[in-house]
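# Structural features, examined
So you can see what is in the structure, the chains are spelled out below.
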Amino acid sequence: MLANLNSLVNELWSGLIKTHNLRLCEPNDEEAIVLGPSYAILVWLDRDGLSFRYLDRSPQIGRETIDLADYLIDKRRWILAGEAPDPADRLTVLRQGLNNCARTLAEVAPDILRGEKEWLKDRSVMRLPLTELQHKELTHAITACEHQH
Amino acid sequence: MQSIIAELGNMKSRDFGPKPGGFNILNVPDELYVNAEQFWRDFNKPWLDAAIARGDKIVFATQPRRDLLWRPNLSNGTYELSGFGREYYYLLNRGLASRL
């Protein structure tokens, strides 16, 4: 295992989580789920690195996600928290990706963190459907997380 | 693809050899991944080259959409080809995939 994603999210997003009253769920080492008032941010780690997917869960858990980093870069502004790291240093790359995303969300997307949905009316936002299996597993993980707290 | 891998039991392997009557999925151990460029050079491209040399049928399990072919680079806020994007354009340039 190259990195425990949940430990990194817990460490690097602690300020964001506390300030915005979010909740971190820990389904496994390669996925983290951050719950907001009516949405979830899915943090996934795969061969391309980190990805952040927004999942609306109001009135129920949706069947599509939005690539949050893509949206923020394209429609708002991506904020860099420091110099670009050596691409071979995977852990530092992960840490910086999480730091950049946390800072960007806090500075240019407080409405999203508050659970506002106006931005979702923009139909140009790319939506990625979840598979049945993904939806089932996410529903299970989110429900279990809600019951833990 | 993640669902397919999950249902197959997530078996990680470096065996890129032929599987008559079966199929190949690139799913090497996590420890072998350093970054996207290294993974493409050391594993992904050789895996595709082996399949092309054998004349395997190559089927996309994912639609080649723009948002899947390109992904944000979180370190600098630009866009770069995703692993899937590299595969798609590599096959497209060899006449083994259709244009979008």
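The sections below set out a description of the structure shown in this document. (Residues numbered from 1 in each chain as written. Chains lettered and ligands numbered in written order. Predicted model: local features only at pLDDT ≥ 70, side-chain atom pairs only at ≥ 80, totals over all residues.)

All right, on to the packing of helix α1 (residues 5-12) of chain A against helix α4 (residues 90-108) of chain A then. If you want to describe how two helices pack, look at the angle between their axes and the distance between the axes. All names here are of chain A. Viewed as axis vectors pointing N to C, α1 and α4 meet at an angle of 45°, and their least axial separation amounts to 10 Å. Between α1 and α4, the angle is such that the two are oblique. Two packed elements cross with a definite hand, and for α1 against α4 that hand is right-handed. Two secondary-structure elements touch here, α1 through Leu8, Val9 and Leu12 and α4 through Leu94, Arg95, Leu98, Asn99 and Ala102. Residue composition of the contact of α1 with α4, grouped by class: six nonpolar, one polar and one charged. (Axes fitted to C-alpha atoms, helices over the stretch in contact; angles between N-to-C directions. Helix = DSSP H or I, 4+ residues; strand = E, 2+ residues; numbered from the N terminus. Parallel < 35°, antiparallel > 145°, perpendicular 65-115°, else oblique. Left-handed = near helix turned anticlockwise from the far one by under 90°. Contact = placed C-beta atoms within 7 Å. Nonpolar A, V, L, I, M, F, W, Y, C, P; charged D, E, K, R; others polar.)

Before going further, it helps to spend a moment on the interface of chain A and chain B. Counting residues at the interface gives 26 residues for chain A, matched by 19 residues for chain B. Of all elements in the fold, only β4 (49-56), α3 (68-75), α4 and α6 (132-148) of chain A reach the threshold of two or more residues within the side of chain A that touches chain B. Top contributing element to the side of chain A that touches chain B by residue count: α4 of chain A, with six residues. Looking at the side of chain A that touches chain B residue by residue, the classes come out as 15 nonpolar, six polar and five charged.

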